Amino acid sequence: MKYYPVCLDVKQRNCLVVGGGSVGFRKALGLEKCGARVRVVSPEFSPQFNAHQSRGIQLQSRAYQTSDLEGTFLVFAATDNADLNREVMDDAKARGVLCCLADRPECSDFILPAVVEQGDLVLSVSTSGASPALARKIKQDISRMFGPEYAVFLRLMRQIRQRLLSEGHDPSGHRQVFTTLAGSDIPGLIRAGNTQKIDSILTGLLGSEFTYESLAPRED
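Residues numbered from 1 in each chain as written. Predicted model: local features only at pLDDT ≥ 70, side-chain atom pairs only at ≥ 80, totals over all residues. Heavy atoms only, no water.

Peer 1: I'm lost on the side chain of Lys-27 in this one. Help?
Peer 2: You can see Lys-27 is positioned in helix 1 (residues 22-33). In this structure, Lys-27 is buried with no salt-bridge partner, the nearest side chain bearing the opposite charge being Asp-103 at 10 Å. Here Lys-27 is in contact with Val-17, Phe-76 and Leu-112, once residues within four sequence places are set aside. (Helix = DSSP H or I, 4+ residues; strand = E, 2+ residues; numbered from the N terminus. Buried < 20%, exposed > 50% of the residue type's maximum accessible area, 1.4 Å probe, protein only. Lys, Arg positive; Asp, Glu negative; His and termini not counted. Salt bridge = Lys/Arg side-chain N within 4 Å of Asp/Glu carboxyl O. Contact = heavy atoms within 4.5 Å.)

Rendered as C-alpha coordinates:
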(Lines give C-alpha, C1' and ligand atoms only; values in the text may rest on other atoms or scores of the structure.)
Protein backbone atom coordinates (compact mmCIF):
# COMPACT_ATOMS: atom_id res chain seq x y z
CA MET A 1 0.00 0.00 0.00
CA LYS A 2 1.30 3.43 -0.96
CA TYR A 3 -0.09 6.20 1.25
CA TYR A 4 -0.33 9.90 0.50
CA PRO A 5 1.26 11.78 3.41
CA VAL A 6 -0.92 14.62 4.66
CA CYS A 7 -1.55 16.60 7.85
CA LEU A 8 -5.24 17.06 8.65
CA ASP A 9 -6.77 20.11 10.30
CA VAL A 10 -9.34 18.65 12.70
CA LYS A 11 -9.83 21.77 14.81
CA GLN A 12 -13.53 22.23 15.63
CA ARG A 13 -14.43 19.26 13.42
CA ASN A 14 -16.75 16.52 14.64
CA CYS A 15 -14.80 13.30 15.10
CA LEU A 16 -16.13 9.98 16.37
CA VAL A 17 -14.46 7.13 18.20
CA VAL A 18 -16.38 3.88 18.49
CA GLY A 19 -14.93 1.93 21.39
CA GLY A 20 -14.24 2.88 24.99
CA GLY A 21 -11.12 0.81 25.71
CA SER A 22 -7.48 1.85 25.89
CA VAL A 23 -7.15 2.01 22.10
CA GLY A 24 -10.22 4.22 21.82
CA PHE A 25 -8.84 6.42 24.58
CA ARG A 26 -5.57 6.99 22.71
CA LYS A 27 -7.42 7.89 19.53
CA ALA A 28 -9.79 10.24 21.36
CA LEU A 29 -6.99 11.96 23.24
CA GLY A 30 -4.96 12.47 20.08
CA LEU A 31 -7.92 14.11 18.35
CA GLU A 32 -8.75 16.27 21.37
CA LYS A 33 -5.17 17.53 21.58
CA CYS A 34 -5.53 18.83 18.02
CA GLY A 35 -8.72 20.74 18.78
CA ALA A 36 -11.33 18.31 17.45
CA ARG A 37 -14.81 17.95 18.91
CA VAL A 38 -14.57 14.34 20.01
CA ARG A 39 -17.44 11.99 20.75
CA VAL A 40 -16.84 8.46 22.01
CA VAL A 41 -19.60 5.88 21.81
CA SER A 42 -19.36 2.68 23.84
CA PRO A 43 -21.46 0.66 26.32
CA GLU A 44 -18.47 0.79 28.70
CA PHE A 45 -15.46 3.05 29.16
CA SER A 46 -11.94 2.58 30.42
CA PRO A 47 -11.20 4.53 33.64
CA GLN A 48 -8.69 6.53 31.58
CA PHE A 49 -11.57 8.53 30.16
CA ASN A 50 -12.73 9.87 33.51
CA ALA A 51 -10.22 12.70 33.72
CA HIS A 52 -10.72 13.88 30.15
CA GLN A 53 -14.45 14.43 29.69
CA SER A 54 -14.18 18.09 30.64
CA ARG A 55 -11.35 18.59 28.14
CA GLY A 56 -13.57 18.23 25.11
CA ILE A 57 -14.21 14.50 24.94
CA GLN A 58 -17.90 13.67 25.07
CA LEU A 59 -18.82 10.17 26.22
CA GLN A 60 -22.05 8.45 25.17
CA SER A 61 -22.66 5.24 27.10
CA ARG A 62 -24.55 3.08 24.60
CA ALA A 63 -24.10 0.86 21.58
CA TYR A 64 -23.01 2.31 18.23
CA GLN A 65 -25.74 3.48 15.85
CA THR A 66 -25.37 4.28 12.16
CA SER A 67 -26.78 7.74 12.84
CA ASP A 68 -23.68 8.48 14.93
CA LEU A 69 -21.86 9.21 11.68
CA GLU A 70 -24.11 12.13 10.73
CA GLY A 71 -22.05 15.31 10.49
CA THR A 72 -18.84 13.42 11.29
CA PHE A 73 -15.53 14.27 9.61
CA LEU A 74 -13.70 11.08 10.52
CA VAL A 75 -14.20 8.02 12.69
CA PHE A 76 -12.05 5.47 14.46
CA ALA A 77 -13.50 1.99 14.81
CA ALA A 78 -11.62 0.90 17.93
CA THR A 79 -13.65 -1.86 19.54
CA ASP A 80 -12.58 -5.44 20.28
CA ASN A 81 -15.38 -6.68 18.01
CA ALA A 82 -14.11 -7.17 14.45
CA ASP A 83 -17.64 -7.44 13.03
CA LEU A 84 -18.67 -4.17 14.64
CA ASN A 85 -15.54 -2.43 13.41
CA ARG A 86 -16.30 -3.61 9.90
CA GLU A 87 -19.89 -2.38 10.23
CA VAL A 88 -18.60 1.06 11.19
CA MET A 89 -16.27 1.03 8.19
CA ASP A 90 -19.05 0.04 5.78
CA ASP A 91 -21.34 2.74 7.19
CA ALA A 92 -18.58 5.33 6.93
CA LYS A 93 -17.75 4.44 3.33
CA ALA A 94 -21.41 4.72 2.36
CA ARG A 95 -21.44 8.27 3.75
CA GLY A 96 -18.04 9.44 2.57
CA VAL A 97 -16.63 9.62 6.10
CA LEU A 98 -12.94 8.85 6.59
CA CYS A 99 -12.52 5.73 8.72
CA CYS A 100 -9.65 3.96 10.44
CA LEU A 101 -10.02 0.41 11.75
CA ALA A 102 -7.82 -0.16 14.76
CA ASP A 103 -7.65 -3.90 14.12
CA ARG A 104 -7.23 -3.78 10.33
CA PRO A 105 -5.25 -0.72 9.25
CA GLU A 106 -4.75 -2.18 5.78
CA CYS A 107 -8.50 -1.82 5.18
CA SER A 108 -8.65 1.75 6.50
CA ASP A 109 -8.90 5.04 4.64
CA PHE A 110 -5.88 6.27 6.58
CA ILE A 111 -3.32 5.07 9.09
CA LEU A 112 -1.54 6.90 11.89
CA PRO A 113 2.25 7.14 11.67
CA ALA A 114 4.63 6.99 14.62
CA VAL A 115 4.89 10.60 15.78
CA VAL A 116 7.48 12.67 17.62
CA GLU A 117 6.17 16.01 18.92
CA GLN A 118 8.22 18.85 20.32
CA GLY A 119 5.85 21.81 20.54
CA ASP A 120 5.07 22.93 16.99
CA LEU A 121 7.57 20.47 15.57
CA VAL A 122 5.81 17.29 14.47
CA LEU A 123 7.85 14.50 12.90
CA SER A 124 6.10 11.39 11.63
CA VAL A 125 7.42 8.02 10.52
CA SER A 126 5.55 5.47 8.47
CA THR A 127 6.62 2.20 6.90
CA SER A 128 3.27 1.99 5.06
CA GLY A 129 2.30 -0.82 7.40
CA ALA A 130 5.27 -3.00 6.45
CA SER A 131 6.98 -2.87 9.85
CA PRO A 132 5.48 -0.98 12.81
CA ALA A 133 8.46 -2.18 14.87
CA LEU A 134 10.89 -0.37 12.55
CA ALA A 135 8.72 2.76 12.67
CA ARG A 136 8.90 2.71 16.47
CA LYS A 137 12.67 2.24 16.38
CA ILE A 138 13.13 5.19 14.00
CA LYS A 139 10.82 7.26 16.18
CA GLN A 140 13.07 6.58 19.17
CA ASP A 141 16.12 7.60 17.15
CA ILE A 142 14.46 10.84 16.07
CA SER A 143 13.38 11.57 19.64
CA ARG A 144 17.02 11.55 20.70
CA MET A 145 17.98 13.87 17.84
CA PHE A 146 15.21 16.43 18.35
CA GLY A 147 14.63 17.14 22.03
CA PRO A 148 12.55 19.77 23.90
CA GLU A 149 14.97 22.50 22.83
CA TYR A 150 13.35 22.42 19.39
CA ALA A 151 9.99 23.37 20.87
CA VAL A 152 11.64 26.44 22.43
CA PHE A 153 13.48 27.20 19.18
CA LEU A 154 10.28 27.16 17.16
CA ARG A 155 8.56 29.48 19.63
CA LEU A 156 11.55 31.79 19.27
CA MET A 157 11.33 31.69 15.47
CA ARG A 158 7.60 32.37 15.55
CA GLN A 159 8.01 35.41 17.77
CA ILE A 160 10.80 36.79 15.59
CA ARG A 161 8.55 36.42 12.55
CA GLN A 162 5.63 38.11 14.30
CA ARG A 163 7.80 41.02 15.45
CA LEU A 164 9.25 41.56 11.99
CA LEU A 165 5.80 41.52 10.42
CA SER A 166 4.42 43.92 13.02
CA GLU A 167 7.25 46.34 12.21
CA GLY A 168 6.37 46.30 8.52
CA HIS A 169 9.28 44.23 7.25
CA ASP A 170 8.95 42.69 3.81
CA PRO A 171 8.03 38.99 4.25
CA SER A 172 9.94 38.09 1.09
CA GLY A 173 13.06 39.57 2.62
CA HIS A 174 12.84 37.30 5.65
CA ARG A 175 13.91 34.18 3.81
CA GLN A 176 17.64 34.70 4.30
CA VAL A 177 17.15 35.63 7.96
CA PHE A 178 15.26 32.46 8.75
CA THR A 179 17.50 30.31 6.61
CA THR A 180 20.45 31.57 8.64
CA LEU A 181 18.63 31.01 11.94
CA ALA A 182 17.56 27.51 10.90
CA GLY A 183 21.17 26.65 10.08
CA SER A 184 22.52 27.98 13.36
CA ASP A 185 23.20 25.97 16.50
CA ILE A 186 20.56 27.81 18.52
CA PRO A 187 18.83 24.53 19.54
CA GLY A 188 22.11 23.26 20.96
CA LEU A 189 22.67 26.57 22.75
CA ILE A 190 19.16 26.40 24.22
CA ARG A 191 19.91 22.91 25.47
CA ALA A 192 23.16 24.15 27.02
CA GLY A 193 21.49 27.25 28.51
CA ASN A 194 23.94 29.56 26.69
CA THR A 195 21.68 32.59 26.24
CA GLN A 196 24.67 34.91 25.84
CA LYS A 197 25.70 33.13 22.63
CA ILE A 198 22.10 33.07 21.43
CA ASP A 199 21.91 36.85 21.95
CA SER A 200 25.11 37.26 19.93
CA ILE A 201 23.56 35.42 16.99
CA LEU A 202 20.23 37.26 17.20
CA THR A 203 21.59 40.77 17.62
CA GLY A 204 24.22 40.23 14.94
CA LEU A 205 21.54 39.19 12.47
CA LEU A 206 18.55 41.31 13.51
CA GLY A 207 19.72 44.16 15.72
CA SER A 208 20.25 44.91 19.39
CA GLU A 209 16.53 44.85 20.25
CA PHE A 210 16.33 41.15 19.42
CA THR A 211 17.48 39.23 22.48
CA TYR A 212 16.49 35.86 23.84
CA GLU A 213 14.98 37.35 26.99
CA SER A 214 13.00 40.05 25.17
CA LEU A 215 11.49 37.50 22.83
CA ALA A 216 10.59 35.32 25.85
CA PRO A 217 9.87 32.07 23.99
CA ARG A 218 7.75 30.59 26.75
CA GLU A 219 5.36 27.70 26.24
CA ASP A 220 1.84 28.70 25.18
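Peer 1: Is there a simple way to think about the sheet that holds strand 1 (residues 14-18) in this case?
Peer 2: Pairing between the strands of a sheet is mediated by backbone hydrogen bonds and can be parallel or antiparallel. Ordered by their spatial adjacency, five strands build an open sheet running 3-2-1-4-5, and the pairing between neighbours is parallel. Each edge of the sheet is formed by a strand with only one pairing partner; in this case those strands are strand 3 (57-61) and strand 5 (98-101). For this sheet the average axis-to-axis angle between neighbouring strands, irrespective of direction, equals 20 degrees. Bridging between strand 4 (residues 74-77) and strand 5 involves four bridges; their strand directions are parallel. Looking at the pairing, Leu-74 lines up with Leu-98 of strand 5. Against the sheet, helix 1 makes contact with strand 1, strand 2 (37-42), strand 3 and strand 4, and its axis sits at roughly 170 degrees relative to strand 1, the strand it touches most. Its contacts with the sheet place helix 2 (residues 82-95) against strand 1, strand 4 and strand 5, and it is angled at close to 165 degrees to strand 5. (Pairing = 2+ DSSP bridges. Axes fitted to C-alpha atoms, helices over the stretch in contact; angles between N-to-C directions.)

Peer 1: I'm lost on unusual backbone geometry in this one. Help?
Peer 2: With glycine set apart, most residues show a phi of negative sign, and most peptide bonds adopt trans. Non-glycine residue Gln-12 carries a positive phi angle of around 65 degrees. Here Gln-12 lies in the segment before strand 1.

Peer 1: Help me out: how do you make sense of the environment of Asn-14 in this one?
Peer 2: Secondary-structure assignment places Asn-14 in strand 1. Residue contacts for Asn-14: discarding those within four places in its chain leaves Arg-37, Gly-71, Thr-72, Phe-73 and Leu-74.

Peer 1: Help me out: how do you make sense of the packing of aromatic side chains in this one?
Peer 2: Applying the stated criterion to the full structure yields four aromatic pairs. Between Phe-45 and Phe-49, the aromatic rings sit 5.5 Å apart at their centres with planes inclined by 75 degrees, giving edge-to-face as the arrangement. Residue class for Phe-45 comes out partly exposed when judged on its relative accessible area of 25%. Taken together, a centroid distance of 4.9 Å and an interplanar angle of 65 degrees make the contact between Phe-146 and Tyr-150 edge-to-face. With relative accessibility at 22%, the residue Tyr-150 sits in the partly exposed group. One aromatic cluster in this structure is built from Phe-25, Phe-45 and Phe-49. Positioned above the aromatic ring of Phe-178 is the side chain of Arg-161, whose terminal nitrogen or guanidinium carbon lies 4.2 Å from the ring centre. A cation over an aromatic ring shows up here: Arg-163 above the ring of Phe-210, its NZ or CZ 5.0 Å from the ring centre. (Phe/Tyr/Trp six-rings, centres within 6.5 Å; stacked < 30°, edge-to-face > 60°. Lys NZ or Arg CZ within 6 Å of the ring centre and 35° of its normal.)

Peer 1: Hey, could you run me through the packing of helix 4 (residues 149-166) against helix 5 (residues 175-182) in this one?
Peer 2: For any two helices packed against each other, one specifies the crossing angle of their axes together with the interaxial distance. Relative orientation of the contacting elements helix 4 and helix 5 amounts to 165 degrees, with a least axis distance of 12 Å. Taken together, the axis directions place helix 4 and helix 5 in an arrangement best described as roughly antiparallel. Crossing of helix 4 over helix 5 shows right-handed handedness. Of the residues in helix 5, those in contact with Phe-153, Met-157, Ile-160, Arg-161 and Leu-164 of helix 4 are Phe-178, Leu-181 and Ala-182. Its residues placed into classes, the contact of helix 4 with helix 5 shows seven nonpolar, no polar and one charged. (Parallel < 35°, antiparallel > 145°, perpendicular 65-115°, else oblique. Left-handed = near helix turned anticlockwise from the far one by under 90°. Nonpolar A, V, L, I, M, F, W, Y, C, P; charged D, E, K, R; others polar.)

Worth remembering: the numbers are spatial, not functional.
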